[in-house]
Structures are given as structure tokens and as C-alpha cells.
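# Fold and geometry: a report
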Amino acid sequence: MNTIEIHQKLQEALGDAVGPLSEPKIDSFAVVKADRILEACAFLRGTPGLEMDFLQDLTAVDWPKRSVIEVVYHLYSFPHRHGIVLKVELDRANPVVATATTVWKGANWLEREVYDLFGVTFTGHPDLRRVMLPDDWVGHPLRKDYQEEGGFHGIPNLRENPLVELRRLDLVRIAEHLKANPPPPPPPPAEPKA
Amino acid sequence: MSKLVLRRLDRNNEEMLINFGPQHPSTHGVLNFLVETDGEVMRRAIPDIGYLHRSLEKIGEMVQYPGYMPYTDRIDYLAAMFANEGYAIAVERLLKIEVPKRAQYLRAISCELNRITSHLVSIGTMATDIGAVTPLVYALRERELLNDLLEALCGARLTYNYHRIGGVAFDMPEGWRDKVLAYLDRLDSSIQEWDRLISTNEIYRKRLGGVAVISRAQAIDYGLSGPNLRGSGVDWDLRRDVPYGAYPDFSFEVPVGCGWAGVVGDCYDRYYVRVLEMAQSSRIIRQALEKMPDGELTAKVSRKPKPEAGEVQSRIESARGELAYYLVSDGTERPYRLRARTGSFMAMGIIEDISPGLMVADLVALIASLDVVAPETDR
Amino acid sequence: MAQFSFAFPKPGTKKLLVGATLGAALAIPALLAGLLVFLVPMVNKPLLDAFIREKLGHVPATWVGTQWVYAAALFLAGIAMFTFAAITGGIFSWYERRVAARIQSRIGPNRVGVAGFLQWIADAVKLLFKEDLVPGEADAMLFRAAPYFVVAGMTLVLVALPAGQAIVVADLDVGIFYILAVTSFIVVGILLSGWSSNSKWSLFGAIRATAQVVSYEVPAGLAILVPVLMAGTLSTQGLIRAQGGWPWEWFFFRNPAAAVAFFILFISQLAEGNRTPFDLAEAESELVAGYFSEYSGFRFALYFLVEWANLWIIGAVATTLFLGGWQIPGVSAQTWASVRGAGSFPAFGWWALQFVSLGIFAVKTLFLVNVVIWIRWTLPRIRIDQMMNLCWKYLVPAGFAAMLFTLVWQMVATWAPIVEKITALVVFAATVWVTWRFLQQTRKNVSLIAHERVDLSNW
């Protein structure tokens, strides 16, 4: 089954909750309304003939201009060898969407990662906490407007240009060395060096 | 470890809480398991990752398309060729570039050589984790020779940076082809030697057989991929089923776990699938060297490619499962969003649910059999 | 395959260096043997009395210095045995590393002296100079004391362990029972070190080690009963005297149950010595280093000394009980007596025979040590439940069966001694055949990978 047919079936089942398939610039996707995404996932996973048993990827994209965070679901079916990309558009100020862990257990860690790096809250998630970053980290780094803080628990995240630093250290070392071992007086210019 | 996790533990119990890592010989990198044990039997092992998080996805939004290629090496330093190839394919699809045939063949050869090195490390460290120190040395001996070959091809032994958008960086050096063929002869005999050395060892089979069984349904549900999925008996290989690059030209088999030492989906199946895959990689390389066409090494790509707006996903079969790059372009010369979905990350997700009831020694076997590599989980 | 040959550079070794190292390599075992042969038999009341009477010119019963001479002799023997343990432990550490390197197709230590022979001295000196760390949260006194329990457990065994016809510090009437008892000291030390380190990994390792050692004492004890029943004595020297020099006179061959008991004992000793495949207590891939994770410097060195000196004990106990000990083929007890002569001091020929008996004992022991090392670098580690299963479900019942069989067998052997002789020859022939088949198979396996032989020319 190709993407268009899958999309048609999905639209038949969920009606206007499923947006049109994006004009295929390169890879196409369908936008689903946020409150119906779980239904769409369960439908795609459970319907005979579709059986999207593999949540291949779950990630997010931040669009500050549109004030939207998109959560992207890449679904794939091992028995039928077809797939579809679904997207959910969430309010950037308060991104909340239902968890897909009830449909695929593999969504657990993927949603934790999205929560960690984008700040999307997945309601009903069994273990929603940061996965990559420390628990007391402030902010969500993959958002476009993320500003690094000056450091983390006293560990600075800024350092001078390594080349500059190296040169400075080198100079200090050379100075110390010269202080300890003053250079011998220059030899008399006896013979020119080749 | 996180306060959130600690809060979930019952304070008035008899269990011992152990930090299994981040500096531990069997965690294959820097990662931590919070292990709750009742004597030798584990109640639960909660993975805690992120020690090697280098924000590679954020970096991807800051550099231009060709400039990200060296960073992909760092996604998985044991199998950097795949990270190269996946990224190259994603950008090529975004730019709608056709890769020359010779470059595709070279990509396949380099990737399969890298798959062998990666699997050698995997099975070698697995033997060490089970307590047999000797096989690791044999695996590393074979891998050194392969590293020499890869060094001759691309000048690096670990972080190759060999693939380019639209092709590959270098052609085969002179005499390299014969060296590879000689090596493959040696490899075929050393796989047999490996079987005699450890695969048929009774203690080894008893330690791995029937341990940490991941059923077929579970493996699919948790999104496992690659050898871990095949170890659970799912006949699935992206190289064969969603072919990319030069793979449609080669004939090879996909080894699937069938309960060699117990149950389908146990640690031994995941281990032995890797051993068999090395032989198949050798087969693919032989065919590629035989059929190697002449031609260009790279397609014509501008030095500052500017793809049109849109999004694309490339999926390739890495040594650690499916490696998928999701690229979103907004029409500028930098990716708007770059995402790498890695096999190890998904494999880590299953450990907490598989671990209850296992012994501490089995956790080591489970981690080793899933072939989890810290840089790939953390990125 | 020429482009893949691994030719390591041959270092231009100086001749003086070679000579010095080879000299040391020969002199150290020779010194050891001399020490053992001349010091240890002297710890013997009649001999010391004769020494006082004839060399010092006093009457032993009345002289004041007699007790001092006894004490000095005991002290010297103690020093000799401890030195022996330390030096064999050190040499075994070097030897094991070389053998492991050979098994793993690498080179191993080869820088300190010829073939790295002096490596163990360098390591010991290095460890002596390291800081002796005590973790801040550890129970400092117990932490410091634990290694000495372990060392004591190892050295006390040597008191009753023979190495030659007269080379035993004390030929106790309950020798083998004593050995079993003092070995338990090691468990106390291990448990102390694991507990006092205040580290969960150390505790884990200590608990594993304790469970393992305590469990395997049972099959070991049952297996030891078999030769004890056959010899009718618990004395280690008595056990050896009940056997003979020729292989078919050894307990191992004289009784089918004894052959079984030998393997039970050997497996149990591997487990008690924490050797692979039973190295669960220090499993580096699971428990980092087990009970001695927190140790450093000299105390760490003591653990390793015990580990390697234990190799000798493993081999020596099995040799004593089953493989004829120091018995020289064709030399009977009468020969020993006649060679000794009637004088108060033994004749020269007796001393020479002592050397021969020591050599025979050492060869048998070293063979077993080799097997232990070879097993360690070949097999993976078993899991704790498998370890317990093996002990309680297989070894203990097998040990009981062997013991009961021996009871019947002894009655049969007394009634018709010819049965024992025939069995010995049959079992011996079977063993030779099995060994032959094994060597053939090994040769076949070697020839399969012969083209990959790695050039280790600077061995």
C-alpha cells in the first residue's frame, strides 16, 4: 500500500482530524489534530491491512515563526513494508500531547528525548523525565531560541579560543623557562651558518 | 542519579541499590545503570544515559551541509562509516543527486568492512563480559588488520569521514583490492576458528542461552532494529527489504535467530546473528569487488548546497540497527533540523523492562548482546 | 599473506643481561630447592637432638639452649616456607602472564630481564612503593587486617604440605584435615575485606566468595575422604607412603572412584581458589574487582601473592592425595632407609634422593598448575546459580557415591589384591589412550590454523 492509500484510509476513519497529505516536495507527511493523534496511531497499528507495528522514529521540530512545535511520527509496517509520516502541531508556549507509549512501548524513550530537548509534555507517559541532560538542567536545547546559560554548577561552558589559550600558555612557559635558564650570550659571529 | 527515580524506589525494603557505572568495565562506554538487587537477582536496572551527550543534533543546525560530515563520525565511533553514509544519503535525497555507481560500490564495501570491525568488537567484548578474556584478543587482532585496510582507504582508523555528499572521498589505493580479498579469505577461516574458540563452548552457551529473552512481539513493540531485531526472529534487513545504494546488486542472506542455544530471542541468538553477519558482509564485499564498475567518484555538487525547503528521511542498516537521519530544510544552506535515530538508543529503552528477575551477571550479558554503544545512545 | 605477517622487532639484547637473567632464573629455584631440602628436614626432634649432641657438644635433655635451638629451627623453617610461597607466587605470576600471552597470541611481559623473567620482582617493588590507601568510609582496622588473614590461611597450609620424602615442616597425624581447616582462614579474610571496604561491589564479591568457598568445601572434603579411606591415615606423608612411584601405584589409578574423586577435588579447588571458571568473586566484568577493589599497594600485592601461591597449593594437594606425591619410581621405603644409613645424620645419598623426590613432586605439581592456568585463559565464567547447581546437584552426590564405592572397593581389594592391580593397569591404559586422543585432536586443531602462526621470535 502506498502512502496515498494509507492516508485515504486514515482520513476515512478519522474524518477531518487528518489534514491533507503535504504536497510531495520531497517526503510527504500528514498533519493530525493533536487531540486525535492517539486515535490515529491506534488505528494505524490495529487495522488489518495497515498494521504499523514499528514506531520507527518520534521526534520534534521547532518553528518559532509559526509559534508551533511539530511532533513527527515515522511509522512503518514490517508485514506490509509500507510507512507514513504523521505530524502534530502543538502550541509552542504549552506543548502537550498524549503519549504513544500505549500503542508502541518503544515510544517511551523517544518521548523522553523529545521532552528533554524540546520540552513537549506527553500526558500519560509512565516515566517522563530527562534522558540526556541532568535533571536540574534549565531549558530545552533543541528549541531554536534556546540560550545557553553561563555554566552548569560552576562548570563554565565558555573558554577562550584554544589557539589563543595555547599561545598564552606557551608564552608563560617560555618566559618561565627563560627566567630559570637565562640564555647564554650570543656566540661571536665566527662563521656564517649554512 | 535522578531524584525522580529515587523517589520511585521503596525506602523500607531489603534491596541493595548499586550504581552499575558510569565507570564500569562492562558498560561499553560511559553510561550508568541504577541496579536494584535482592542479592544476586535484580529487581530492576534503570539505565541512565547522557554522559556522552555532545548535542550533535544542535550542532547540525549550525554548520552547513558538507561541514556536518565529520561530526557524523562521532555519532558511533565503532561504526562511523554508516553514520557517514546515512547522512550523505539524506542530503543527496534532499538535493536530488544521483550518486555514481562506482561511489555506491565503494560505499557498500567500506560500510561492510566497517560492519565487520564493529561486530568483531561486539562479539569480542561480549566474550570478555562473560569472563573469557582470550577471544577478545583474537577479535581485536582481526580488527587491527581491517583497520589497516580502512586506513589505507580513507586515512583514518576510527573516524573515517570517507563518504561525501554525492559520492566518496577517495578511490581504492593501488593493490588494496588484493589485500581485501586476502583478508576475506583469512576472515572466513577465522570465523570458523571463532566458533571453535568460543561459540561452541558449553559454558558460554549456558550463560547466554535462554537468558534475557526478547520475544518477537516485544522486539517490534520496543522498536529494536538490526541484529537485535533479527536475533528475536524477525526476518528484516533494510539492505534487502528497503534497498539503498548498491545493495540491490548483491545477493546475500539475512541470518535470523532461531534459538541456537535455547529460546529464540535470547542473548546467544543476538550474539550469533552477528557472527553470521560477518560472513555475509564478506560475501557482499567479494561481489562488490568483482563487479566494481568504472566511473566518477562523486556527482557534481556545489560546495555550498542549498536544497529547497522540505523534509527527508534516510534509513540505512547500521551495525547497531537502523540508523535514520531526518533532515528538515528551510531552503538555506544549513539544515533546519537534523535528527539521527540510532539503534542503541532504542535498545537501551528495553533494558528496564527486560531486567527484572535477571541476575547481575545476566545484565552484563544483556548489555553486551544488545551491543549498546554509549556515543550512539547519547549523540 | 606476506603483507600481513606480524614480525616483531628483535631487540639486540646484551649478552651480559641475558646471562644475568638466566643466572637469576636458575639460581632462584636452585636456592629454593636447597633451602627446602636442607632446612625443612632439620625441623625434626631426633635430628635436632643429634645436632646438639654431636655438633654443639651438649646433652639435649639437660642443656639450656635446647629449646632455643628448636625455636631457631622452627623459625628458619617458617622463613623458608614463607619465602618459598612468596617466590613461587611471584614466579607463577610471571609464568601465568607469559602463558596467557601465548594463548592469546600476544607477547606478554618481555622487557624486565630475558623473557620478562624479572617482571614479578619489578611489580612487587612497584606495589611496595605505592600508597597504601584506606577508603575514608572504610572500617580501617578490619580493612588493614583482612589481607593478613588471607596470607595466614595460605601459609598455614604449607606447614602440613609435603614437598619431598622428608621435606615437610610438620608431618601432622591429621595433616589433610588440618589443611582443610586452615584454608577457611582465607574465607574470613575475604569476608572481612569485603565488609570493611564499605563498598557494595566489594561486599558483593565477598558474599559470592564466601558462598562459593563454603559450598565447595563439602565436595572437596568428600573427595579427600576417598584417598584417606584407601590409605587409612590422615597424615599427608602417610597418604603418599601408601602410594608408590609408578603411575599404577597411585591412588588415581588404583580405584575408579578415586579417579572421579580426583576431578571432584580439582574442580572444588579451582572454586576455592577463585580461579576461572569460578572467579565470580573477582569477576572484573561484573564486580570490577570484587572483594579487593578498594585495596592498593602492598595489601593489594598480598592478595595477588595468595592467589598465585594458591596455585602451588592446588597442585600440591592433588598430587599428594592422588598422584603419588614425591614417590620415586623403583625406590621403596627400604631403599630410603638403607640410603639414609644408621648414623645420626643422613648420608649424602639420602640428601641427593631428597632432591630427586622434590623434583618429582614439583613436576607433578607444575603440571597441574599448568592445567589450572590453561583453564583460566580458555573458559568463560559461570553464573552463581550454575556454580551452586554444579556443587550441590552434581559434585556432592558424586562425592558421596565415590566414598561409598571406595568402602566396598577396599573390602574387595583386601580380599583379592589382584583386582586392584588389574584396575590400575586398565585405568592407566585408558588414561594414556585419552591423552593420546587429546594430543591428536590438539595437533589437528593447530594444523588448521598453522598458516596464521604469529612470529614471537623475541620470546
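Residues numbered from 1 in each chain as written. Chains lettered and ligands numbered in written order. Predicted model: local features only at pLDDT ≥ 70, side-chain atom pairs only at ≥ 80, totals over all residues.

## Details of the overall build of chain A
Regarding its fold elements, chain A presents four helices and nine strands. Each helix and strand of chain A, ordered N terminal to C terminal, gives the series α-β-β-α-β-β-β-β-α-β-β-β-α. Taken along its principal axes, the extent of the C-alpha atoms in chain A is 95 × 45 × 30 Å. Within the span of chain A, comprising 194 residues, buried residues form 34% of the whole. (Helix = DSSP H or I, 4+ residues; strand = E, 2+ residues; numbered from the N terminus. Buried ≥ 20, exposed ≤ 12 C-beta atoms within 10 Å, placed from the backbone.)

## Side note on the overall build of chain B
Tallying secondary structure elements over chain B gives 15 helices and eight strands in all. Over its C-alpha trace chain B gives a radius of gyration of 21 Å, about what one expects of a compact globule, namely 21 Å for 379 residues. Dimensions of chain B, computed from C-alpha atoms along their principal axes, come out at roughly 65 × 50 × 35 Å. In chain B, which comprises 379 residues, the share counted as buried stands at 57%. Put simply, of all contacts in chain B between residues at least 6 apart along the chain, 72% involve residues at least 24 apart. (Rg over C-alpha atoms; globule rule 2.2 N^0.38 Å. Contact = placed C-beta atoms within 7 Å.)

## Let's talk about the interface of chain B and chain C
Accessible area lost upon the coming together of the parts serves often as the stated size of an interface. With 31 residues of chain B at the interface, the matching set in chain C holds 28 residues. Taken together, the elements giving at least two residues each to the side of chain B that touches chain C come down to strand 1 (16–20), helix 5 (101–130), helix 6 (134–154), helix 7 (176–199), helix 8 (202–208) and helix 14 (360–370) of chain B. In terms of residue count, helix 6 of chain B provides more of the side of chain B that touches chain C than any other element does, five residues in total. Of the residues contributing to the side of chain B that touches chain C, the split by class is 17 nonpolar, six polar and eight charged. (Nonpolar A, V, L, I, M, F, W, Y, C, P; charged D, E, K, R; others polar.)

## Concerning the nonpolar core
Among the nonpolar cores identified, the biggest contains 275 residues, and A:Val71, A:Val120, B:Leu363, B:Ala365, C:Ala258, C:Leu265 and C:Ala318 are the most heavily contacted of them. Broken down by element, the residue count for this core peaks at 16 residues, all from helix 12 (residues 297–322) of chain C. When residues no more than four places from it in sequence are discounted, the contact partners of A:Val120 are A:Ala60, A:Ile69, A:Val71, A:Leu90, A:Pro95, A:Val97, A:Val114 and A:Tyr115. (Core = buried A, V, L, I, M, F, W, Y, C linked by C-beta atoms within 7 Å.)

## So, the interface of chain A and chain B
Opposite the 25 residues of chain A that make contact, chain B presents 35 residues. Looking at the side of chain A that touches chain B, the elements that each hand over two or more residues are strand 3 (54–63) and helix 3 (107–118) of chain A. Counting residues per element, the side of chain A that touches chain B draws most heavily on strand 3 of chain A, which supplies six residues. Residue composition of the side of chain A that touches chain B, by class: twelve nonpolar, five polar and eight charged.

## A closer look at the sheet that holds strand 5 (residues 82–91) of chain A
Residues and elements named next belong to chain A. Ordered by their spatial adjacency, five strands build an open sheet running 1-2-5-4-3, and the pairing between neighbours is mixed. With one partner strand each, in any of the chains shown, strand 1 (18–21) and strand 3 form the two edges of the open sheet. Geometrically, the sheet is characterised by an average inter-axis angle of 25° between neighbouring strands, direction not taken into account. Pairing geometry for strand 1 and strand 2 (residues 30–32), over two bridges, is antiparallel. For leucine 21, the partnering residue across the bridge sits in strand 2 and is alanine 30. Sheet contacts for helix 1 (residues 3–14): strand 1, strand 2 and strand 5; angle to strand 1, the most-contacted strand, approximately 155°. (Pairing = 2+ DSSP bridges. Axes fitted to C-alpha atoms, helices over the stretch in contact; angles between N-to-C directions.)

## What to know about the environment of C:Gly34
With respect to the helices and strands, C:Gly34 occurs in helix 1 (residues 15–39). Residues C:Gly34 and C:Phe355, 321 residues apart in the sequence, show an inter-C-alpha distance of 8.3 Å.

## Here we look at helix 15 (residues 384–415) of chain C
Note: α-helices contain 3.6 residues per turn, so residues at a spacing of three or four share the same orientation. Between its first and last C-alpha, helix 15 of chain C extends 45 Å over 32 residues, near the 46 Å set by a 1.5 Å rise per residue. In the structure, helix 15 of chain C departs most strongly from a straight axis at C:Leu395, where the bend amounts to approximately 35° and where the proline C:Pro397 lies between one and four residues downstream. Considered for burial, the residues of helix 15 of chain C that qualify are C:Ile384, C:Met387, C:Leu390, C:Cys391, C:Leu395, C:Gly399, C:Ala402, C:Thr406 and C:Trp409. Structurally, helix 15 of chain C contributes buried residues whose contacts are with helix 14 of chain B together with helix 7 (200–231) and helix 10 (256–272) of chain C. (Expected span 1.5 Å × (residues − 1). Bend = angle between axes of the 7 residues up to and from the residue.)

## What to know about the sheet that holds strand 3 (residues 41–48) of chain B
All names here are of chain B. Ordered in space as 1-2-3, the three strands form an open sheet in which the pairing is antiparallel. Unpaired on one side and paired on the other, strand 1 and strand 3 mark the two borders of the sheet. Strand-to-strand, the axes of this sheet are offset by a mean angle of 20°, without reference to chain direction. In this sheet, strand 2 (residues 32–38) lies alongside strand 1 in antiparallel orientation, the contact comprising five bridges.

## Side note on the pairing of strand 6 (residues 310–318) of chain B
Residue and element names in this part refer to chain B. Counting buried positions over the nine residues of strand 6 gives eight, a clear majority of the element. As paired strands, strand 6 and strand 7 (residues 321–329) are joined by nine bridges and run antiparallel to one another. Counted as the bridge partner of isoleucine 316 is leucine 323 from strand 7. Taken together, strand 6 and the strand that follows it, strand 7, pair antiparallel across an intervening segment of two residues.

## Remarks on unusual backbone geometry
Residue and element names in this part refer to chain A. Here the phi dihedral of serine 67 falls at roughly 55°; this positive angle occurs in a residue that is not glycine. Along the chain, the position of serine 67 falls in the loop between strand 3 and strand 4 (68–77). In the Ramachandran plot, arginine 81 falls in the positive-phi region, its phi being about 55° despite a non-glycine side chain. Along the chain, arginine 81 turns up in the loop between strand 4 and strand 5.

## What to know about the environment of C:Val260
All names here are of chain C. Take valine 260: it is sitting in helix 10. Judged by the 18 C-beta atoms lying within 10 Å of it, valine 260 falls in the partly exposed class. Sequence-distant contacts of valine 260, defined by excluding residues within four places in its chain, comprise Ala398 and Ala402.

## Here we look at the environment of B:Ala83
Residues and elements named next belong to chain B. Mapped onto the fold, alanine 83 is located in helix 4 (residues 80–95). Along the chain, alanine 83 and proline 70 lie 13 residues apart, while their C-alpha atoms are 9.7 Å from each other. Apart from residues no more than four positions distant in its own chain, alanine 83 is found in contact with Thr72, Asp73, Ile75, Asp76 and Leu323.

## Focus: the confidence of the model for chain B
Of all residues in chain B, 96% attain a pLDDT of 70 or more, and the chain-wide mean is 86. Here the predicted complex scores 0.84 on pTM and 0.83 on ipTM. (pLDDT = per-residue confidence, 0-100.)

## A short note on the packing of helix 12 of chain C against helix 14 (residues 348–376) of chain C
Residue and element names in this part refer to chain C. Axis separation between helix 12 and helix 14 bottoms out at 8 Å; the angle between their running directions is 120°. Judged by the inter-axis angle, helix 12 sits oblique to helix 14. At the point where helix 12 passes helix 14, the crossing takes the right-handed sense. Facing Leu311, Trp312, Ile314, Gly315, Ala316, Ala318 and Thr319 of helix 12, the residues of helix 14 in contact are Phe361, Lys364, Thr365, Leu366, Leu368, Val369 and Val372. (Parallel < 35°, antiparallel > 145°, perpendicular 65-115°, else oblique. Left-handed = near helix turned anticlockwise from the far one by under 90°.)

## Overview of the packing of helix 6 (residues 175–196) of chain C against helix 7 of chain C
All names here are of chain C. Packing of helix 6 against helix 7 leaves a shortest axis separation of 8 Å and a crossing angle of 175°. As far as their axial angle goes, helix 7 and helix 6 are roughly antiparallel. Split by residue class, the contact of helix 6 with helix 7 holds 14 nonpolar, six polar and one charged.

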